[in-house]
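For reference, the chains in residue letters:
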Amino acid sequence: MINAVLVFNNAGQPRLTKFYTQLETSVQQRLISEIFTLVANRPNSACNFLPLPPLLASSSKSSTPSTPHNDTPSLVTYRHYATLYFIVISTSTESPLALLDLIQVFVQALDGLFENVCELDLIFNFETLHATLAEMIVGGVVVETQLEKVVEGVRSQGTVAKRPVNEKGGMGFAGFGRGDGGVWAGR
Amino acid sequence: MFEKSLYDLIRGLRNHKGTEKEYIDESIKECRKEIRSTDMDLKSTALMKITYLEMFGHDMSWASFNVLEVMSSPKWRHKRTGYLAAVQSYRRDTDVLLLAENQLKKDISSPTPAVISLPLVAIPHVINPSMASSVLSDLLPRLTHSHAAIRKKTVVTLYRLALVYPETLRPAWPKIKERLQDDREDPSVTAAIVNVVCELGWRRPQDFLPLAPRLFDLLVEGGNNWMAIKLIKLFATLTPLEPRLIKKLLPPLTKIIRETSAMSLLYECINGIIQGGILEAVEGTTEGEEVARLCVGKLRGMMVIEGDANLKYVALLAFDKIVRSHPYLVSQQQDVILECIDDPDISIRMRALDLVVGMVNSGNLTAIVGRLMRQLRHAPIANSANNPANDRARATAVTPYAESDDSDAEESLRPHEQRSDQPPPLPEDYRINVIRRILEMCSHDTYSNITDFEWYIDVLVQLVRVSPSTKATAAEGGDSDQSDDVGCSIGRELQNVAIRVKSVRPEAVDAAQSLLFVDLRDQMFPSSGNGGQGVLEYAGWVVGEFASYLTKPEPVLSSLLHPTSLQLPSKTLTVYLQAFPKVFASLASDEQISWTPERKTLMSLLMARIIHFLEPLSTHPNIEVQERAVEYLELMRLASEAASGTDTGTEHGEFTDPPLLLTQAIPALFVGAELNPVAPGAQRKVPIPDDLDLDTPINPNLQYLLSQAELEGFEPDEDDVYAAYTEPPASFNEPQPPTAISASERLDAPHKEPVSYQNATEDEYLDPDIIARRKAERRERYKDDPFYIDPEGDRGSGAATPLGRIVRENNTELDIDSIPIMHLELEKRGPSPGGEEIARQRSPRRAPRRVEIMGDETLGPDEPPSHSSREDLVSPRFAPGQARGKKNLLQVDSSGLGTLSLDDDDSSGRKLTRFELEQKEQEDAEMKRALAEVERLRLEMQRASERLEVKHETLVKKKKKKKVRRAEVEAAPVPEPVAEGEAVPVKKKKKKVKLEGEDAAGEDGQAEGAVKKKKKKRRVVSMDEGAPVQEE
């Protein structure tokens, strides 16, 4: 299952924190900063899987390899879009490559809802951000992976506010990265 | 008063660059006021703002009751805000959870789908067992709601309910199963159920076997790749229970592997085949061969063809699983896997490292270790002090700051990947990991993979130079933490080789000796930090124990006695204390040297230095160091007296006997039976002698003697007790001859030159001085060998010019005449293919030395390998704190599910489990209560201390806050208006407080303490009476 979904920007400022287990606020912040340190140092060509941050790594080694799965979070997957990092922490029951697709769907859904989404949209509409996530993941279990249904689910709850008018509009964009290339067609 | 919207708050934050903290404090203060308002809009906005700030680490637990208020608003917009705040801020110890329960129940039963979704999403975050049983009855009907969106969320919510309250599944599972079996069910709902079943499946696979046909149909139908992945994962846990499934699964899985374009699905298929044991099951058949080849081929493709780091990573993950059952399949892919060891990406390197340890054999060991060593040597040692990781981790809260340029944040998220291209520095834990892996690979199975121990000793010495510095605390702690240090692990290896491999003992002692030299320290150890210092302890032991092998005993002794040695950790110092008498003994014991005045002066000087070194140590705080220091101090004083008392020979050429104490007595302390490695289990096998009586006290008057000793004080008496301890026991066990490796094993050992000799890659991972030494040794070794072409010896003498170089120089026209004639016995060796290879091929293969490795000594038959394996000596030993299996931070414990059977037919078993379950639940509940109590108290104290910190900022705020909080505490379960009422007079007091000024400061702390205590008491009470409150 998925243990946490995090979004933060290139400077480590959180934009979305969702922990599917109850965790002290201060511990949450430590975890975020640990993961940020890990992710910020990675080169462009590196893969999208992180080694476990120190907070999570301490007890994971004790797990026995005899059982195929267990409850300990063992996988930290991330994707980087422009100014934002999207992070998913999960156990071994999730597929690493499929999680990458899931993040892609999440971002695409946000893009559909905000029309050319950017970090500012997410800052000013963080309720919508949470609502979108809630359409996809409930209690750490994925409930929807189809883009249209996610967008439809959020829209059914009311109109999605655009960012305030006096903020500048979004900038031009140059299509998706490798996400559209069909390599990750895991949905 | 001016009220800010969330938008204003964020704008404001962005405009207060540099003063964000003040701005946030101010805003939270405003929110505290606004949230008390009766205007629901205002209240809801304030809540939204503090929820936003909570994201940055600003505690909002104080608003838990207000969250509930907003949740219960009839307006959907408010409700949404309230529920979001609840999800983000409610913790296990939030006391309004009891009150929230009714609200949740009410909203689940709402007619509006949008409203139902809110509690469905929130419940997984706030659920506890007592709540679960009460909410369950409201949730169940939602499984048949007309909206698919509600149904799928309900399924997942029920799963989370089951995690804390396993009984949930009894009524819920039949209904969920019904949904799953329904062909006309919405695909989204089916997918959600499959997700849940997959999560439940690995805990109790046997319960889900009856579903296999339906799940199989879903897999074959295809369509949703996400669901297919989950189904495959589920089947991988089912196949071990039902082997017949394998035959059925194989065709669709191979079909997917061949046809799918989705890499994630392809990978999971392969993974499923591996994990489900399908590869093993079909092994030997042609079909199995084909599947195995297909999987490995595809995995190789993922690593090579795609050139995609992610695919490489997951392929390594899969190989890691295959290598356990099919090592030969993986070793075929050795080339691509070894490439990954040097991948710029740390994540991939770590995976490859794990994998490589399982693949290593005597043929590739040197090559693999060489690659790893090269990495260690070329990456700079990260300085832990200015490592940003350490600084950031300490920060508890991130303060939102105003971005200087808004355009950044407006950048569209669509463009992908914008990262720096700098290679990451090697993190320290990776470094440590690599060193440990090298040691693990080399020492595997009592060094069965090593053919050249001199090489191994060089590797060990090089490893010391690249070891990362240990944490300061571990070095100072000295005792238990030390064994964790990589330096110690390297040292243990050096010690082991010195003991076990007699043929390289001189080299091992040489290495230990060079490690000890104080003047070489800069060269032998990392230039910064205290990395590798742990090795000193073992090097000290080696030079002491094998002092006779030392080439430079005197410098070693002066290094041991160097003033800097006094600063070493006490553990190392104890070993040093034992080592230098041994070295001294080997220096002094020669009877053949006449006791000349020079000899006498030298000995006296040495002893004087030893005594000088020991004197300060006799008051060392560590008791072990102190004891040994005092013992040897006395011995040395005695020896020194004896030396000065023995007259020297007056004339040259006349032999005078040196003092016996130096030549006989002191050496006799240290020589005797040779030390041999003993198997860990051997001690247990020593038979207990029949006449051994452990029950009768040796001296029946012990009590009396003790009491007498106490009265009289300690009196050293030199009677037979002394002798009993000093004289060696008569029945000393003769050491067994070292267990040599059997002849057959020797035959099996590959007679092969280590790869690195040919490839000459050593230059890349060994430091120049070590290489120079190796070269010199090699030259020495082969100087009489006509076949050896010295790479450097050709200068000047044309006869030794290698053929290859001439070929290279005159590439186009080969002038045969200019080739100097070498006396190669061509008729014996036959014609060579020529070209560059010649030089290498001609170089004679060194006859593989048969290295004798001492095995562990033991008695009787061998222990099972798990006990006697040497790996546990090398593998990291965790500090006691770490070893305890502590629960992971983010872990959601699903172990409760393991005891619940979903099988309805087996009624007897079910009854039993139900009984057990109840019992377990009771225990769990008690345990939880106790834990919650402890945790709550801890939190209380933590919060109180946080509050105290806040209080120091302004007096006025402090005073006011405290009063309000007291009001809150007293009115905790009572609705808001009361608190409001009490808060009013506080405002009046405000002015007064201002006048009082600083006088109030002292009181304040005390008052706070009182409030804290009071609050604590109150909480405890409310928890004990949890049930009655709930009924209210």
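What counts and how
- Residues numbered from 1 in each chain as written.
- Chains lettered and ligands numbered in written order.
- Predicted model: local features only at pLDDT ≥ 70, side-chain atom pairs only at ≥ 80, totals over all residues.
- Heavy atoms only, no water.
- Helix = DSSP H or I, 4+ residues; strand = E, 2+ residues; numbered from the N terminus.
- Buried < 20%, exposed > 50% of the residue type's maximum accessible area, 1.4 Å probe, protein only.
- Contact = heavy atoms within 4.5 Å.
- Areas by Shrake-Rupley, 256 points an atom, 1.4 Å probe, with all protein chains shown as cover.
- Pairing = 2+ DSSP bridges.
- Axes fitted to C-alpha atoms, helices over the stretch in contact; angles between N-to-C directions.
- Phe/Tyr/Trp six-rings, centres within 6.5 Å; stacked < 30°, edge-to-face > 60°.
- Patch = residues over 30% accessible without salt bridge, like charges linked within 9 Å, V, L, I, M, F, W, Y side chains within 5 Å.
- Salt bridge = Lys/Arg side-chain N within 4 Å of Asp/Glu carboxyl O.
- Parallel < 35°, antiparallel > 145°, perpendicular 65-115°, else oblique.
- Left-handed = near helix turned anticlockwise from the far one by under 90°.
- Nonpolar A, V, L, I, M, F, W, Y, C, P; charged D, E, K, R; others polar.
- Arc of directions from axis to C-beta.
- pLDDT = per-residue confidence, 0-100.
- Expected span 1.5 Å × (residues − 1).
- Disulfide = S-S within 2.5 Å.
- Core = buried A, V, L, I, M, F, W, Y, C linked by side-chain atoms within 4.5 Å.

It is worth spelling out the overall build of chain B at this point. Along the backbone of chain B there are 54 helices and zero strands. Counting every position in chain B, which comprises 1032 residues, the buried fraction comes to 47%. Across chain B, the fraction of contacts at a sequence separation of at least 24, relative to all contacts at a separation of at least 6, is 73%. Carbon and sulfur atoms provide 54% of the accessible area of chain B, an area that totals close to 51900 Å².

Moving on, we come to the overall build of chain A. When helices and strands are counted, chain A shows six helices and seven strands. Seen in sequence order, chain A has helices and strands lined up from the N terminus as β-β-α-β-α-β-β-α-α-α-β-β-α. Residue pairs at least 24 apart in sequence account for 58% of intrachain contacts in chain A once pairs closer than 6 positions are excluded. As presented, chain A carries roughly 5100 Å² of accessible surface, and 55% of it is formed by carbon and sulfur atoms.

Let us now look at the side chain of B:Arg599. When you line up the elements, B:Arg599 lands in helix α34 (residues 597–617). Non-local contacts of B:Arg599, meaning those with residues more than four positions away in its chain, are made with B:Leu587, B:Ala588, B:Asp590, B:Ile593 and B:Ser594.

Moving on to the sheet that holds strand β5 (residues 84–90) of chain A. All names here are of chain A. Across the sheet, five strands lie side by side as β2-β1-β5-β4-β3; this open sheet has antiparallel pairing. One side of each edge strand has no neighbouring strand; the edge strands of this open sheet are β2 (14–19) and β3 (49–50). Looking at chain direction, β3 and strand β4 (residues 75–81) are connected through two bridges and run antiparallel. Looking at the pairing, Phe49 lines up with Thr77 of β4. Sheet strands touched by helix α1 (residues 25–40): β1 (2–9), β2, β3, β4 and β5. Its angle to β1, the strand with the most contacts, is close to 65 degrees. The sheet strands contacting helix α3 (residues 96–114) are β1, β2, β3, β4 and β5, and the helix crosses β4 at an angle near 35 degrees.

Enumeration over the complete set of coordinates arrives at 16 aromatic pairs over all chains. The interplanar angle of 50 degrees and the centroid separation of 5.2 Å between the aromatic rings of A:Phe124 and B:Tyr7 together place this pair among those described as tilted. With one member in each of two chains, A:Phe124 in helix α4 (residues 119–124) and B:Tyr7 in helix α1 (residues 6–15) form a pair that bridges those chains. Taking relative accessible area as the criterion, A:Phe124 reaches 9% and is therefore assigned buried.

Turning next to a nonpolar patch on the surface. A contiguous nonpolar surface patch, about 350 Å² in accessible area, is contributed by B:Ile688, B:Leu692 and B:Leu694. Counting through the fold element by element, B:Leu694 comes out in the loop between α37 (682–685) and α38 (702–712).

Angle between the axes and distance between the axes are the two parameters that describe a pair of packed helices. Residue and element names in this part refer to chain B. Running from amino to carboxyl end, helix α33 (residues 570–588) crosses helix α35 (residues 623–645) at an angle of 20 degrees, the nearest separation of the two axes being 9 Å. Viewed along their axes, α33 and α35 adopt a mutual orientation that is roughly parallel. The handedness of the crossing between α33 and α35 is left-handed. Every residue of α35 that contacts α33 at Ser570, Leu573, Thr574, Val575, Leu577, Gln578, Pro581 and Phe584 is listed here: Glu624, Val625, Arg628, Ala629, Tyr632 and Met636. The residue inventory of the contact of α33 with α35, partitioned by class, reads nine nonpolar, three polar and two charged.

Let us look at helix α32 (residues 553–560) of chain B. Residues and elements named next belong to chain B. Those residues of α32 that sit buried are Pro553, Val556, Leu557, Ser559 and Leu560. The buried residues of α32 occupy an angular sector of 160 degrees when projected down its axis, which confines them to one face. For α32, the elements touching its buried residues are α29 (505–516), α31 (535–545), α33 and α34.

As a further point, take the confidence of the model for chain A. Residue and element names in this part refer to chain A. Per-residue pLDDT for chain A has a mean of 79; in total, 78% of the residues score no lower than 70. Summarising per-element confidence for chain A, the mean pLDDT is lowest in helix α2 (residues 54–60) (69) and highest in strand β6 (residues 137–138) (94). Residue range residues 60–66 is modelled with pLDDT below 50. Its contacts to residues more than four positions away, or to other chains, number five contacts. Predicted confidence is poor over residues 165–187, with pLDDT under 50, and the contacts of this stretch with residues over four places away or in other chains come to 69 contacts.

What follows deals with the confidence of the model for chain B. Residue and element names in this part refer to chain B. On average, residues of chain B score 73 in pLDDT, and 66% of them are at 70 or above. Of all secondary-structure elements in chain B, the lowest mean pLDDT belongs to helix α23 (residues 388–394), at 38, while helix α9 (residues 148–164) reaches the highest, 92. pLDDT under 50 marks residues 864–885. Its contacts with residues more than four places away, or in other chains, come to 33 contacts.

This part covers the pattern of salt bridges. Within the structure shown, the criterion is met by 40 salt bridges over all chains. Taking the shortest distance from any N to any O, the salt bridge between A:Glu135 and B:Lys153 comes out at 2.8 Å. Separated into two different chains, A:Glu135 in helix α5 (residues 126–136) and B:Lys153 in helix α9 make up a pair that spans both. Comparing A:Glu135 with B:Lys153, the two get one shared label, buried. With a shortest N-O distance of 3.8 Å, B:Lys255 and B:Glu259 are connected by a salt bridge. Of this pair, B:Lys255 and B:Glu259 are both found in helix α14 (residues 244–259), four residues apart, which corresponds to roughly one turn of the helix.

This paragraph deals with α29(B). Residues spaced three or four apart along an α-helix face the same direction, because each turn holds 3.6 residues. Residue and element names in this part refer to chain B. With 12 residues, α29 should reach 16 Å at 1.5 Å per residue; the first-to-last C-alpha distance of 16 Å fits that figure. Most of α29 sits inside the fold, with nine of its 12 residues counted as buried. Buried residues of α29: Arg505, Ala508, Val509, Ala511, Ala512, Gln513, Ser514, Leu515 and Leu516, and no others. Buried residues in α29 make contact with α26 (453–466), α28 (486–500), α30 (521–524), α31, α32 and α33.

Next up on the list: the state of the cysteines. Tallying each qualifying case throughout the model produces zero disulfides over all chains. Cysteine B:Cys269 shares no disulfide, and the gap to the nearest cysteine sulfur, in B:Cys295, comes to 8.8 Å.

Turning to unusual backbone geometry, a few remarks are in order. Glycine aside, the phi torsion of most residues is negative, and most peptide linkages are trans. In this structure, A:Glu115 is a non-glycine residue whose phi angle is positive, near 55 degrees. Mapped onto the fold, A:Glu115 is located in the loop between α3 and α4. Although it is not a glycine, B:Tyr447 adopts a positive phi angle of roughly 60 degrees. Here B:Tyr447 lies in helix α25 (residues 428–447).

Moving on to the pairing of β4(A). Residues and elements named next belong to chain A. Counted residue by residue, β4 has seven buried out of seven residues, so it is predominantly covered. What you see with β4 is no split at all: Leu75, Thr77, Arg79 and Tyr81 on one side and Val76, Tyr78 and His80 on the other are buried throughout. Two elements, β4 and β5, share seven bridges in a ladder whose sense is antiparallel. Across the sheet, His80 pairs through a bridge with Tyr85, a residue of β5. Counting the residues in the hairpin turn of β4 and β5 gives two residues, including Ala82, whose phi is positive at 45 degrees.

Right, let's talk about the nonpolar core for a bit. Within the largest apolar cluster, 280 residues are counted, with the highest numbers of intra-cluster contacts made by B:Tyr52, B:Ile337, B:Ile438, B:Tyr456, B:Leu463, B:Phe584 and B:Leu662. Ranked by the residues each element gives to this core, the list is headed by α3(A), at 13 residues. When near neighbours in sequence (up to four residues on either side) are disregarded, B:Tyr52 contacts A:Arg15, A:Ile123, A:Phe126, B:Leu6, B:Leu9, B:Ile10 and B:Leu13. Counting residues in each nonpolar core, the second largest holds 18 residues, with A:Leu6, A:Leu23, A:Leu50 and A:Leu55 among its members.

The next point concerns the pairing of β5(A). Residue and element names in this part refer to chain A. The element β5 is largely enclosed, with a buried count of seven among its seven residues. Residues Leu84, Phe86, Val88 and Ser90 point to one face of β5 and Tyr85, Ile87 and Ile89 to the other, with burial holding for every one of them. Relative to β5, β1 runs antiparallel, the two being bridged by seven bridges. Note on β5: the bridge partner recorded for Asn9 is Leu84.

Attention shifts here to the environment of B:Val509. All names here are of chain B. Its place among the elements puts Val509 in helix α29. Here Val509 falls in the buried class, since its relative accessible area comes to 0%. Remark: the alpha-carbon pair of Val509 and Thr551, spanning 42 residues in sequence, is separated by 8.8 Å. The residues contacting Val509, other than those within four sequence positions of it, are Val542, Val543, Phe546, Tyr549 and Leu550.

Next up on the list: the environment of B:Ser146. Mapped onto the secondary structure, B:Ser146 falls in the loop between α8 (129–139) and α9. For the pair formed by B:Ser146 and B:Pro113, sequence separation is 33 residues and the distance between their alpha carbons is 9.3 Å.

Residues and elements named next belong to chain B. Here Ile432 lies in helix α25. According to the relative accessible area criterion, Ile432 is partly exposed, its value standing at 26%. Expressed as a C-alpha distance, the spacing of Ile432 and Val486, which sit 54 residues apart in the sequence, is 6.6 Å. Those residues in contact with Ile432, other than ones at most four positions away along the chain, are Pro468 and Val486.

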